[in-house]
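Letter by letter, the chains look like this.
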Amino acid sequence: MRRPTLAGTFASVREGLGARVKLNNGVQMPWFGLGVFQVPRDSDAAAAVRAAIELGYRSIDTAALYRNERGVGEGLKSSGVPREELFVTTKVWNDDIRAGRVEAAFNHSLKLLGLDYVDLYLLHWPIRGRSVEAWRALERLLRSGRVRAIGVSNYMIPHLEELLAAAAVVPAVNQIEFHPYLQSKPLVAHCQRHGIQVEAWSPLQQAGPLLRDPVLTAIARRLQRTVAQVVLRWDVQSGIATIPKTVHPARLAENAAIFDFALTDADMAAIAALDRNERNGADPFTFNF
Ligand SMILES: NC(=O)c1ccc[n+]([C@@H]2O[C@H](COP(=O)([O-])OP(=O)(O)OC[C@H]3O[C@@H](n4cnc5c(N)ncnc54)[C@H](OP(=O)(O)O)[C@@H]3O)[C@@H](O)[C@H]2O)c1
């Protein structure tokens, strides 16, 4: 099966931001969105979400953990864009998975967001011994119509295998740490085989050394782009949905300006060769929260 990618270019950033990938249940998710991790003040989250939507962003990724769902909801509402044009993702936190409180946690998120449904609801981390039960709760939410698609985050191959053996619904998305220094090729191929769309978290390695990488810098210079733009273009051109975070309007515009140029096959190969299995965030096999 060929992995869907966003290989083409668009006449405008706005058009590119509207481009969607069809998930395994037919729901269409934007390839590109805004992440709002580490934006603790609701007023900042509201301002970033509103500014992003004004630029043409249609997908916002939050989580109960980020404690800004109320601000995200305010930003969505104040944008004036009809709800059905927006794609909102949130996630159930580990404590609620452990305590078997997924549905109550979902209801709370929905209330804070001020919405009557979310587009994508994710299990935030694979909690040993609790995934299957939590997944059944997500399947019930899907049936209730208050979630349009359900998925997981930080699931490695063994976690997916355990879930798939018991699941009635195959996850639509697996959101994982993914950037040129952590490409997790076997995991991405496994997701693809099962029709699970991969979505990149920390696509810019949280503005780490990646943004000064000499290979990426050379590509960026040749294309007269920034390294962030090269990396985000590489995501979508590789078939990976991406949700870079920024609260600065200039960077919201910079990050989204990836739809009017393409990387060459040689660029794609040079970036593929940067993989060094370097994880910035927690390891899904050993995390302790
Ligand atoms: N599922 C999970 O477990 C999980 C874990 C982590 C993250 N996520 C999601 O993924 C999203 C993105 O990941 P992330 O926030 O960890 O990291 P990221 O998007 O890789 O990087 C964000 C950092 O890069 C800076 N930045 C953004 N654009 C830039 C640019 N063009 N040039 C230079 N610096 C730039 C931001 O600063 P400014 O804001 O100051 O611009 C911020 O410090 C999160 O917001 C969250 O929604 C999910």
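As a reminder, the structure under discussion sits directly above these lines.
Every chain begins its residue count from 1, and numbering advances along the sequence as written. It should be noted that, the model being predicted, local features are given only for residues of pLDDT at least 70 and side-chain atom pairs only at 80 or more, the latter also being counted only at that level, while totals for whole chains, interfaces and linings use all residues. Side-chain figures throughout are based on the complete set of non-hydrogen atoms in the structure, without hydrogens or water.

1. What about the overall build of the protein chain?
Secondary structure is summarised from DSSP: a helix means a run of H or I of at least four residues, a strand means a run of E of at least two, and numbering begins at the N terminus for each. Each helix and strand in the protein chain was counted, giving 12 helices and 10 strands. Every radius of gyration here is taken over C-alpha atoms, with the globule rule written as 2.2 Å times N^0.38, N being the number of residues. The C-alpha atoms of the protein chain give a radius of gyration of 18 Å, which matches the 19 Å a tight globule of 289 residues would have. For the C-alpha atoms alone, the extent of the protein chain along its principal axes is close to 50 × 40 × 35 Å. A contact between two residues is defined here by any heavy atoms of the two lying within 4.5 Å. Considering only residue pairs separated by 6 or more positions, the protein chain has 76% of its internal contacts joining residues 24 or more positions apart. Charge separation in the protein chain, taken as the distance between the mean sites of 34 positive and 29 negative side-chain charges, equals 1 Å. Charge counting treats Lys and Arg as positive and Asp and Glu as negative, with His and both chain ends excluded. In this description, the location of a charge corresponds to atom NZ of lysine, CZ of arginine, CG of aspartate or CD of glutamate.

2. Quick word on the site of the ligand
Nearness is defined per residue: one heavy atom within 4 Å of the molecule or strand is enough. Lining the immediate environment of the ligand, one finds 29 residues, of which D61, S202, L204, T246 and R251 sit closest. N or O atoms within 3.5 Å of each other form a polar contact, as long as, within protein, one can give a hydrogen and the other can take it, and as long as residues adjacent in sequence are counted only when both atoms are side-chain atoms. The contact in question runs from an oxygen atom of the ligand to an N or O atom on the side chain of Q206, over 2.8 Å. What sets the accessible areas is the Shrake-Rupley method with a 1.4 Å probe; for residues, cover comes only from the shown protein chains. For the ligand, whose unbound accessible area comes to 900 Å², protein coverage reaches 89%.

3. Thoughts on the layout of surface pockets
Looking at the largest pocket, its volume works out to about 790 Å³. Looking at the largest pocket, it is lined by 34 residues, and the ones nearest its centre are F37, Q38, S202, Q206 and K245. For this scheme, ten residues count as nonpolar: Ala, Val, Leu, Ile, Met, Phe, Trp, Tyr, Cys and Pro. Four count as charged, namely Asp, Glu, Lys and Arg, and the remainder, Gly too, count as polar. Class assignment for the residues of the lining of the largest pocket results in 17 nonpolar, 13 polar and four charged. Any residue with an atom within 4 Å of a point lines the site, the site being either a cavity, points on a 1 Å grid over the protein atoms alone where a 1.4 Å probe fits but cannot get out, or a pocket, an open set with protein on both sides within 12 Å along at least 5 of 7 lines. Grid points are joined across faces, edges and corners, and a volume is the space filled by probe spheres set on the points. Its volume calculated, the second largest pocket comes out at about 300 Å³. In terms of lining, the second largest pocket is formed by 14 residues, of which the most central are A64, L65, R67, E69 and H108. Within the residue set of the lining of the second largest pocket, elements represented by two or more residues are α3 (69-79), α4 (94-98) and α5 (102-113). A total of four residues in the lining of the second largest pocket trace back to one element, the largest contributor, which is α5.

4. As for the environment of R98
You can see R98 is positioned in helix α4. Burial classes follow relative accessibility: with a 1.4 Å probe on protein chains only, a residue under 20% of its type's maximum area counts as buried, one over 50% as exposed, and anything between as partly exposed. Judged by relative accessible area, R98 falls into the partly exposed class, the value being 36%. Ignoring anything within four residues of it in the chain, the contact list for R98 reads I127, R130, F287 and F289. At a separation of 2.8 Å, a polar atom in the side chain of R98 contacts the main-chain carbonyl oxygen of F289.

5. What to know about α3
By the burial criterion, the buried members of α3 are E69, G71, V72, G73, G75, L76 and S79. Among the structural elements, α2 (42-55), β4 (59-61), β5 (87-92) and α5 are those in contact with the buried residues of α3. Where α3 ends, the next residue or the one after it, G80, has phi of about 75 degrees, a positive value.

6. Quick notes on the packing of aromatic side chains
Aromatic rings from Phe, Tyr and Trp, with only the six-membered ring used for Trp, were paired whenever their centres fell within 6.5 Å, and each pair was classed as stacked if the ring planes differed by under 30 degrees, edge-to-face if by over 60, and tilted otherwise. This model, assessed by the stated rule, comprises 11 aromatic pairs. Ring geometry for W93 against F289: centres 5.9 Å apart, planes inclined by 10 degrees, an arrangement best described as stacked. With a gap of 196 residues between them, W93 in the loop between β5 and α4 and F289 in the segment after α12 (265-272) connect regions that are remote in the sequence. In this structure W93 comes out as buried when scored by relative accessible area, which is 14%. Residue class for F289 comes out partly exposed when judged on its relative accessible area of 33%. Between the aromatic rings of F106 and Y121, the centroid separation amounts to 4.8 Å while the plane-to-plane angle is 75 degrees, which identifies the pairing as edge-to-face. With a gap of 15 residues between them, F106 in helix α5 and Y121 in strand β6 (residues 118-123) connect regions that are remote in the sequence. The exposure class of Y121 is buried, given its relative accessible area of 0%.

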